[in-house]
Amino acid sequence: MLNKTVKQLSQGLAKGEFSSLELCQYYLNRIDTIDTKFNSFITVSHEQAIASAKEADKKIASGNANEWTGIPFAHKDIFCTEGVLTTCGSKMLNNFIPPYSATVVENFNAQGAVCLGKTNMDEFAMGSSNETSYYGKVINPWSESNPLVPGGSSGGSAAAVAARLTPIATATDTGGSIRQPASLCGLTGLKPTYGRVSRYGMIAFASSLDQGGPMARTAEDAAMMLNVMAGHDTKDSTSINQDVPDYTKDLNKSIDGLKIGLPKEFFNEHLSSELQSVLQEAMKQLEGLGATFKEISLPHSDLSVPAYYVIAPAECSANLSRFDGVRYGHRCENPSDLMDMYVRSRSEGFGDEVKRRILIGAYALSAGYYDAYYRKAQQVRRLIKNDFVSAFDDVDVILGPTSPTEAFGFDSKGDDPVKMYLEDIFTISTNLAGLPGMSLPAGLINNLPVGMQLIGNYFDESRMLNIAHQFQSVTDWHTLSPKNI
Amino acid sequence: MQWETVIGLEIHVQLATKSKIFSGSSTAFGSAPNTQANEVDLALPGTLPVPNEQAFRYAILFGLAIDADINKKSVFERKNYFYPDLPKGYQTTQLDLPIVGPGKVDIKLDDGSTKVVRIHHAHLEEDAGKSLHEDYQGMSGIDLNRAGTPLIEIVSEPDMNTIEEAVAFSKKIHSIVTSLGICDGEMSQGSMRFDVNISIKPQGVEELGTRTETKNLNSFKFMEKAIQLEVERQIDILEDGGSIKQETRLYDGDQHISRSMRSKEEANDYRYFPCPDLLPVILDDEYIESIRKDMPELPDARRSRFCADYNLSDYDSTTIAGDSGLSNYFETSTKISGDAKLSANWVLGELSANLNSTDTSLNLCPVSAEQLGQLVLRVKDGTLSSSGAKKVFGSIWAKPTAQVDMLIDELGLKQVSDTGELEKLVDQVLSGMEEQIAQYKEADDKKRKKLMGSFMGPLMKASKGQGNPKLFNEILSKKLNS
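Q: Which parts of the structure should I look at to understand the overall build of chain A?
A: Along its length, chain A carries 15 helices and eleven strands. On C-alpha atoms alone, chain A measures out to a radius of gyration of 21 Å, which is about the 23 Å that the 2.2 N^0.38 rule sets for 485 residues. Within the span of chain A, comprising 485 residues, buried residues form 60% of the whole. Long-range contacts, defined as pairs at least 24 residues apart, comprise 76% of the intrachain contacts of chain A with a sequence gap of at least 6.

Q: Any chance you could explain the overall build of chain B here in plain terms?
A: Scanning chain B for helices and strands turns up 15 helices and 15 strands. Taken against the 2.2 N^0.38 rule, which gives 23 Å for 482 residues, the C-alpha radius of gyration of chain B at 29 Å runs more than 25% over that of a compact globule. In terms of principal-axis extent, the alpha carbons of chain B reach across some 95 × 55 × 55 Å. Taking all 482 residues of chain B together, 38% fall into the buried category. Residue pairs at least 24 apart in sequence account for 69% of intrachain contacts in chain B once pairs closer than 6 positions are excluded.

Q: Just to check I follow, could you spell out the interface of chain A and chain B for this structure?
A: By a widespread convention, an interface's size corresponds to the accessible area lost as its parts come together. Contacts between chain A and chain B engage 36 residues on the former and 26 residues on the latter. Those elements that place two or more of their residues in the side of chain A that touches chain B are α9 (304-319), α10 (338-349) and α11 (352-365) of chain A. Top element by residues in the side of chain A that touches chain B is α9 of chain A. It accounts for three residues. By residue class, the composition of the side of chain A that touches chain B is 21 nonpolar, eight polar and seven charged.

Q: Can you walk me through helix α9 (residues 369-380) of chain B in this structure?
A: What sets the pattern is the α-helix's 3.6 residues per turn: residues three or four places apart point alike. Residues and elements named next belong to chain B. Helix length check: α9, at twelve residues, gives a terminal C-alpha distance of 16 Å against a target of 16 Å (1.5 Å per residue), a fit within 8%. For α9, the buried fraction is high: ten of the twelve residues fall into the buried class. For α9, the full list of buried residues reads Ala369, Gln371, Leu372, Gly373, Gln374, Leu375, Val376, Leu377, Arg378 and Val379. In the core, the buried residues of α9 are packed alongside α7 (324-337), α8 (340-358), α10 (386-398) and α11 (404-411). Gly382, located one to two residues past α9, shows a positive phi value of around 90°.

Q: How do you make sense of the packing of helix α1 (residues 53-65) of chain B against helix α2 (residues 163-180) of chain B when you look at a structure like this?
A: Relative orientation and spacing of two packed helices are given, respectively, by the angle between their axes and the distance between those axes. All names here are of chain B. Running from N to C, α1 and α2 cross one another at 125°; their axes reach a closest spacing of 10 Å. Comparing their axes, α2 and α1 come out oblique. Here the hand of the crossing between α1 and α2 comes out right-handed. From α1, Leu61, Phe62 and Ala65 reach across to α2, where they touch Ile176, Val177 and Leu180. A class-by-class count of the residues in the contact of α1 with α2 yields six nonpolar, no polar and no charged.

Q: Hey, could you run me through the environment of Ser243 of chain B in this one?
A: Residues and elements named next belong to chain B. With respect to the helices and strands, Ser243 occurs in the loop between α3 (220-239) and β12 (247-252). Judged by the 9 C-beta atoms lying within 10 Å of it, Ser243 falls in the exposed class. Sequence-wise, Ser243 and Thr210 are 33 residues apart; in three dimensions their C-alpha atoms are separated by 8.4 Å.

Q: Whenever I open this one, the pairing of strand β1 (residues 3-14) of chain B confuses me. Can you help?
A: A regular strand places its side chains on the two faces of the sheet in alternate fashion. Residues and elements named next belong to chain B. Here β1 runs beside strand β10 (residues 192-202); their pairing, made up of eleven bridges, is antiparallel. Pairing of Val6 across the sheet is with Ser199, part of β10. Note: β1 against strand β9 (residues 150-156), five bridges, orientation antiparallel. Pairing of Ile11 across the sheet is with Ile154, part of β9.

Q: Please clarify how the nonpolar core should be interpreted in this entry.
A: Across soluble globular proteins, nonpolar side chains have a tendency to be buried as a group. Leu116, Met215 and Val397 of chain A together with Ala59, Phe62 and Val196 of chain B are the most contacted members of the largest nonpolar core, which totals 193 residues. Ranked by residue count, the leading element in this core is α1 of chain B, at nine residues. Ignoring sequence-local partners within four residues, the contact set of Val196 of chain B consists of Ile7, Leu9, Ala166, Thr214, Leu217, Met223, Ala226 and Ile227 of chain B.

Q: Explanation requested: the sheet that holds strand β4 (residues 90-94) of chain B in the structure shown.
A: Pairing between the strands of a sheet is mediated by backbone hydrogen bonds and can be parallel or antiparallel. Residues and elements named next belong to chain B. Judged by pairing direction, the sheet is antiparallel, and its three strands sit side by side in the order β4-β3-β14 without closing on themselves. The sheet is open, and its two borders are formed by β4 and β14 (273-274), each paired with just one other strand. By the bridge criterion, two bridges tie strand β3 (residues 76-80) to β14 in an arrangement that is antiparallel. Directly across from Arg78, in β14, lies its bridge partner Phe273.

Q: Looking at this structure, I do not really get the sheet that holds β12 of chain B. What am I missing?
A: Residues and elements named next belong to chain B. Ordered in space as β5-β6-β9-β1-β10-β11-β12-β13, the eight strands form an open sheet in which the pairing is mixed. Of all the strands in the sheet, just β5 (103-108) and β13 (257-263) have a single pairing partner and so form its edges. This sheet shows a mean twist of 30° between the axes of neighbouring strands, independent of strand direction. Here α1 sits on the sheet in contact with β5, β6 (114-126) and β9, set at roughly 165° to β6. Together, β1, β10, β11 (212-217), β12 and β13 form the strand contacts of α3, whose direction differs from that of β10 by roughly 25°.

Q: Just checking my understanding: could you explain unusual backbone geometry for this structure?
A: In most cases, non-glycine residues show a negative phi, while peptide bonds are predominantly trans. The omega torsion of the bond from Gly152 of chain A to Ser153 of chain A falls at 10°, within 30 degrees of zero and hence cis. Tracing the sequence through the fold places Ser153 of chain A in the loop between β3 (114-119) and α5 (155-162). One non-glycine residue, Asn446 of chain A, lies in the positive phi region at around 50°. Inspection of the secondary structure puts Asn446 of chain A in the loop between β10 (437-445) and β11 (448-456). In this model, Asn311 of chain B sits at a positive phi of 60°, which is unusual for a non-glycine residue. Mapped onto the secondary structure, Asn311 of chain B falls in the loop between α5 (299-310) and α6 (314-321).

Q: Help me understand α7 of chain B, please; the structure alone is not making it clear to me.
A: Residues and elements named next belong to chain B. Here α7 is 14 residues long and its end C-alpha atoms lie 20 Å apart, about the 20 Å a rise of 1.5 Å per residue gives. Among all positions of α7, only Ser324, Leu326, Ser327, Tyr329, Phe330, Glu331, Ser333, Thr334 and Ser337 are buried. Tucked inside the fold, the buried residues of α7 contact α2, α5, α6, α8 and α9. Directly after α7, the chain includes Gly338, whose backbone phi takes a positive value near 70°.

Q: Before we go on, may I ask you to explain the environment of Ser19 of chain A in this structure?
A: Looking at the element boundaries, Ser19 of chain A is found in the loop between α1 (6-15) and α2 (20-38). Taking the C-alpha atoms as reference, Ser19 of chain A lies 10.0 Å from Leu9 of chain A; in sequence the two are ten residues apart.

Criteria and cut-off values
- Residues numbered from 1 in each chain as written.
- Chains lettered and ligands numbered in written order.
- Predicted model: local features only at pLDDT ≥ 70, side-chain atom pairs only at ≥ 80, totals over all residues.
- Helix = DSSP H or I, 4+ residues; strand = E, 2+ residues; numbered from the N terminus.
- Rg over C-alpha atoms; globule rule 2.2 N^0.38 Å.
- Buried ≥ 20, exposed ≤ 12 C-beta atoms within 10 Å, placed from the backbone.
- Contact = placed C-beta atoms within 7 Å.
- Nonpolar A, V, L, I, M, F, W, Y, C, P; charged D, E, K, R; others polar.
- Expected span 1.5 Å × (residues − 1).
- Axes fitted to C-alpha atoms, helices over the stretch in contact; angles between N-to-C directions.
- Parallel < 35°, antiparallel > 145°, perpendicular 65-115°, else oblique.
- Left-handed = near helix turned anticlockwise from the far one by under 90°.
- Pairing = 2+ DSSP bridges.
- Core = buried A, V, L, I, M, F, W, Y, C linked by C-beta atoms within 7 Å.

So, in structure tokens, the structure goes:
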């Protein structure tokens, strides 16, 4: 049961090898006994999970099941789940039980999948180490004696899947929050094209960058998840009205003749030699599958982190204004007047990193600074996008590192937030361009997993999943599991 | 010194869409607090706006009606400020690329002249909720039913110089938006709210003075008074050697005072930026033309038609045509009465007087257009005297289900128009008035007219007030002049 993929679990349920109830109890039991080590869940929904598992078993028995019926999984705690606490990793929402569900949540419900609970995350998805969660840090299951970060912000989802506490989990990515934890936890994570997955009910960090996507062990499971998650949603004006392909359909296609671009800005002297050799080895495998490589240039890559750290905070400064203590969420005790209520509710409810980004964003949008910061950042964003558009004239997909290093220790970035921001140096540009990006396990450094990143053209998720699946059919990095689980 | 007043207006018009601008909640007025606020209106985490196309159609209709440029690309922005009745902590509005660009509106002034007021732009935005500061023992109640109601904010150039012009402009906008059917025009429910920018400068000087903005006036009467108060306040300050502070002011209509709300220094930095949850709205000519096809008749065109088709006076046609409800009422009643002039008199006379004195809006008027048409018809065909008709009108006002003809019978107001019967009465009355007849015969034309009255009194008395005075007059003249 432990290492079965969704595909395999689905077959087992169909054949009656085990029931959904048995399966879910197995995972709930693992969470109850093992997650004390990792803290990857904020909420475990025992009762709801058992009720839906029973429901699923009835469907299976009556022959009304599909491949998702009765499959256990977890949602990142950024997705609103009707009737189930949804915190977004913040004290601000430690009493928030949404009266409605996110579209992504509805989609999984409609398939009859069984939600085990809500995974831990950096507060409001702001962080790359899961240290900013109000509900405590998440420990990377690959840690040995020294506890390591799982990456972030979807660190809870990544740690839970890596520790086999759930076969898969949903995640979100604003600057690398699916791909970087996937890399650090040895998983396959995909951030789809902006607009592919509905943002409705997904608590906003930076609206023009946020995108939900799958966190799984295999490309095949990621493809199955994307089939459920993707699609046009009339409740999200930025969701794109374009047909959703069956992402599993092309998994087994040959990648012979595939043209892969290698950005020279990613493969420079700053890339560690260990990571360099991991990527070289992976490229050899791809070459063996018929792919060819070409050096390309993304000349404005070095501007992606600065542009991102203007745009994302600017958007978050407005997105987080609704947390004012008036209608829901944390409200300070005995406010003396309106201003006092605002100031104390927000000061008490938000953590340091969230406050830092609200301040940066408000500053960047202020009268007299808007042109120098926000407008300039948007111009840079366009240049970054144009770089990719021209690159895709020559190549089918782009390959590079996901994160600069393997998992690191807590507090290792010291007090310097910019060091942490640089964790996302290879992932941020795809968010700015709205392109799909993916991380898949490519090797080990110091016995810790590291990923390689694929960046695809708009709506080219099928091709990326095809490449990843082909790579995983000749490698076994994705099958490795941490020892301490 | 002679001072010149400069006035510009910002008018918030609530659009009469069924649902809100970014959510499916109803916009109906007067429901229990917070019953028309769904998760989007409450700004629950994760919710997103979806634009209401009808709001765009209405805004475009307004733009076309004032001959404005319709921007084929418009962008929603976030205007950031904290207030408890602003659930998201920002208002979604338009700034650099509003839906309606520059346009113009003609206003007619009392001296018969016409003035053009330029419109700077009109933009789409969402209304806030309401804060209720009474009845909560030191706390405030928040009602979010209004939050998300679509508005267009119409911004004029500072082209007005008198109260009369400002009021005429506001009434013209009211008349346009109600004629278009894009706003119910119910000022008492806040469907239209006015912000007035006022400055003064010495007569003949080019440069504008420092302006103040008086916010949230919701009646023409208050606007008139608020402008007057503010102009006087500014003149007093300048004549005392002071200077005007740029500020936002609030007018209290009940006490006829105004006070400063915030000065320029205290003004918020709204940190506008394009809303990333909403894509730019791109329109094409075909779409705009399809809306133009739905354009109803506008007040100016209607006025010309009333003059030409019904032969109404300039004053009557302007007054009626300016109000689309009144225009429909007038036309319906005229169809029945067959007499436009007489119908117009009744609409502008008895009907308007009753509406005003009882503070009733036309759509709640107890006397229907059909009933008034019937009534006017009975005046025209001689069944009713005009004083009798007023009595009937009063009875219907009190009991709206009544039928005109049945009421006339019930009240015994039917005039006797049987000439045989009337002649008999004339003969009877004249037989006792030989002296007056002799006087009449000797008198000149001018005097004769006066003397007629002395016969009419006894005649009306003899007919118990039911004789048709016109017929009495005819019979009498014939007899006396024979």
